[in-house]
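Analysis of the macromolecular model
Next come the chains, spelled out residue by residue.
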Amino acid sequence: QVQLVESGGGLVQPGGSLRLSCAASGSIRSINNVAWYRQVPRKQREFVAALPSGGTTTYADSVKGRFTISGDNAKKTVYLHMNSVEPADTAVYYCFAEITSTARSTTTYWGQGTQVTVSS
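For every chain, the first residue of its written sequence is number 1, and the numbers climb from 1 along that sequence. Reporting in this predicted model follows two pLDDT cut-offs: at least 70 for local features of residues, and 80 or more for side-chain atom pairs to be given and counted; totals over whole chains, interfaces and linings ignore these cut-offs and use all residues. Heavy atoms throughout the structure, all of them, feed into the side-chain values; hydrogens and water do not.

Our focus in this paragraph is the environment of Phe96. Mapped onto the elements, Phe96 comes out in strand E9 (residues 91-101). We classify Phe96 as buried; its relative accessible area is 18%. Taking the C-alpha atoms as reference, Phe96 lies 9.9 Å from Gln112; in sequence the two are 16 residues apart. Put simply, DSSP marks the helices as runs of H or I at least four residues long and the strands as runs of E at least two long, and each gets a number from the N terminus on. Think of it in three bands: with a 1.4 Å probe and only protein chains considered, a residue is buried below 20% of the maximum accessible area for its type, exposed above 50%, and partly exposed in between.

This part covers the pattern of salt bridges. When charged atoms on two side chains of opposite charge get close, those side chains can pair. What counts as a salt bridge is simple: a side-chain nitrogen of Lys or Arg found within 4 Å of a carboxyl oxygen of Asp or Glu. All chains considered together, the criterion is met by 5 salt bridges. Its salt-bridge partner being Arg66, residue Glu86 comes within 3.8 Å of it at the nearest N-O pair. Residue Glu86 is located in the loop between strand E8 (77-82) and E9, and its partner Arg66 is located in the loop between strand E6 (58-59) and strand E7 (67-72); the two are separated by 20 residues in the primary sequence. Overall, Arg66 belongs to the buried group, its relative accessible area being 12%. The residue Asp89 makes a salt bridge to Arg66 at a minimum N-O spacing of 2.8 Å.

Attention now goes to the side chain of Ser21. Tracing the chain through its elements places Ser21 in strand E3 (residues 18-25). On the accessibility criterion, Ser21 (14% relative accessible area) is buried. Other than its neighbours up to four places away in sequence, Ser21 contacts Val5, Glu6, Ser7, Trp36, Thr77, Val78 and Tyr79. Any two residues having at least one pair of non-hydrogen atoms within 4.5 Å are treated as being in contact.

If you want it as structure tokens, here you go:
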């Protein structure tokens, strides 16, 4: 059973910083692609950043230059470093990963989401 668990959300003032974490656990052979998405009420979930295995990181235009996605293979954890946050960054943030299990099946997974609120 593979699971993604996010943490690090909370209340932050405009201009501040926050680091989100997404830890994968279970019978994992490899983590192929990871990404962060976010969603606000009554809107579709939107792409934030991606870290493909062996590829180049990509970012939504709205967060480029402010957010950084990174990963720690040993810890099976991906991070989203959020700097210079704005009220428009307020959302539930979701971790996404494409994972190959020890049984060699590849499946996509979502975390449960972590709330980020940017407000003074």
